[in-house]
Amino acid sequence: MNANQRKRWLGLLLVIIVCMLGLSSPIQHFAAFPNEVRLFSGQLKQLDYGMPVHAQVTVDPQMLQVNGSSDRSLSINLNKPLSIQSSHSGKTTMKLKLFGKIPFKTVKVNVVPDLRVIPGGQTIGVKVKSAGIMVVGHHQVTDAKGARVSPGEQANLQLGDLIIRINGKYINEVHKVAQMAEEAGDAKQSLQLTVKRGTRLFETKLAPVFDSEDRAWRLGLYIRDSAAGVGTLTFYAPDQGVYGALGHVITDMDTQTPIEVGEGQILQSNVTSINKSQNGEPGEKRAHFIKESKVLGNIERNTSFGIFGKMKELPSHSYNQQSLPVAFAEEVKEGPAQLLTVVNGQKVERFNVEIVHVTKQQSPATKGMVIKITDKRLLDQTGGIVQGMSGSPIIQDGKLIGAVTHVFVNDPTSGYGCFIEWMLQDAGVLLKPASLNLKAA
């Protein structure tokens, strides 16, 4: 064997050794372990290195206890689970040295104040008023010459645009637009529009056209100022007086664009029947609003993770009015869980589900987990996940971990869920975390 062949074999051997080390359990545990750990004040958390070595751990004993000890420094076996418990909120570090001398890992520990919320599950009615006039379509007008035109298209208005002002005046009621169009048409003037498209504002002029068939001034637009429907309450935070519901954004049914909320209300709702889900055809809850004079809360925000606002009290017919701790996104794991929802009347019931996949997310994103309905009672009544079930809280190991968001059209027994952490952030009751070094799913 010549020198070149020996070098090739040596290189191949080194590659094999590196690969074997990379695939070994201790290396994988070390690589997957976060550089930062978050926990609630008073929470006990276990960390697992899975490495057959001893180390010296140093912490601030006024903030953290390691393996139940209040010592500043102690020897630990990294082959056994390491438990840490916080005494109060704040930020600190946990330093580990192999054999008490070799720097091994410095972990940032962020302890946030304890947070408990009351899980929902109640079906709620949702009434939303947009922060302007939504453009949901164009239509053609027959002018005096018999030509078919659309003034709205000529003014460069697109589906999903939000008309904020007309002639400098804030507008969010459709019935007022017809009156303004008639006044402008009679005066042979154009309407000056302030329009919001996405995050951009622009000005445009729209000249009403007299429809020779309808004998009225028209803008060539289909417009809408509100939306209504039913969904499920996810949580109520009594200390902050806020709620979260739906788990996904409310969009206009025609344009599929998010509705920018000007104002809104949530009301009690009663489920009258269930249209069962089938493969290729998701079902839905049939419900009607009750006690419309009693408003449960307002709607202040419509985000990717649902609707949020103030609520003075929890709706009646709770499954359990006791508050529960919440889980950070990284605490959610595959396995059994429970779902709270209503399938008849106003009674909130608990059903078994399985979390079959968890996506490790470093920042807010939808589709955090895939859930599967395993409860025969729920499958018999609904066929799986149905429309109106979005927002149903998901509980695992006694903690609120997320909410149902979407159903799989081709398999209605399964669907997506979002992490409760992202909903709590949008509700304003949980601060955004520092970046975490999490293992990709």
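Definitions and limits used
Residues numbered from 1 in each chain as written. Predicted model: local features only at pLDDT ≥ 70, side-chain atom pairs only at ≥ 80, totals over all residues. Heavy atoms only, no water. Buried < 20%, exposed > 50% of the residue type's maximum accessible area, 1.4 Å probe, protein only. Pairing = 2+ DSSP bridges. Helix = DSSP H or I, 4+ residues; strand = E, 2+ residues; numbered from the N terminus. Axes fitted to C-alpha atoms, helices over the stretch in contact; angles between N-to-C directions. pLDDT = per-residue confidence, 0-100. Contact = heavy atoms within 4.5 Å. Phe/Tyr/Trp six-rings, centres within 6.5 Å; stacked < 30°, edge-to-face > 60°.

S.K.: Looking at this structure, how should I read unusual backbone geometry?
M.R.: One non-glycine residue, Lys188, adopts positive backbone phi at about 55°. We classify Lys188 as exposed; its relative accessible area is 69%. Backbone geometry places Gln256, a non-glycine residue, at a positive phi of 60°.

S.K.: What is the right way to read the sheet that holds strand β8 (residues 102–112) from this model?
M.R.: By way of backbone hydrogen bonds, the strands of a sheet pair with one another, either parallel or antiparallel. Read across the sheet, 5 strands follow the order β1-β8-β7-β3-β5 without closing on themselves; strand pairing throughout is mixed. Every interior strand has two partners, whereas the edge strands, β1 (36–40) and β5 (73–77), have only one. Put simply, the sheet's adjacent strands are angled 30° from each other on average, direction ignored.

S.K.: Can you help me understand the confidence of the model for the protein in this one?
M.R.: Fine structural detail should not be taken from predicted coordinates in areas where pLDDT scores are low. The predicted model of the protein has a mean per-residue pLDDT of 87, with 90% of residues at 70 or higher. Ranking the helices and strands of the protein by mean pLDDT puts strand β30 (residues 393–396) first, with 98, and helix α2 (residues 25–32) last, with 52. Ignoring residues within four places in sequence, the model shows residues 21–25, a span with pLDDT below 50, making 4 contacts including any to other chains. Here residues 434–441 is modelled with pLDDT under 50, and outside its nearest four sequence neighbours on either side it reaches 20 contacts, counting other chains as well.

S.K.: Looking at this model, I keep getting lost on the packing of aromatic side chains. Mind explaining?
M.R.: The relative placement of two aromatic rings is captured by the distance of their centres and the angle of their planes. Considering all chains together, one arrives at 3 aromatic pairs under this definition. Both rings, one in Phe40 and one in Phe328, keep their centres 4.5 Å apart while their planes meet at 0°; by these two values the pair is stacked. Of this pair, Phe40 sits in strand β1 while Phe328 sits in the loop between β26 (324–325) and β27 (335–342), and the two are 288 residues apart along the sequence. In this structure, Phe40 and Phe328 share a single accessibility class: buried. Residues Phe210 and Trp217 carry aromatic rings whose centres are separated by 5.3 Å and whose planes lie at 70° to one another, so their mutual orientation is edge-to-face. For Phe210, a relative accessible area of 27% puts it in the partly exposed group.

S.K.: Help me understand the pairing of strand β9 (residues 116–119) in this model?
M.R.: In summary, the side chains of a regular strand alternate between the two faces of the sheet. Bridge count for β9 against β26 is 2 bridges, and the pairing is antiparallel. If you follow Arg116 over to β26, its bridge partner there is Pro325.

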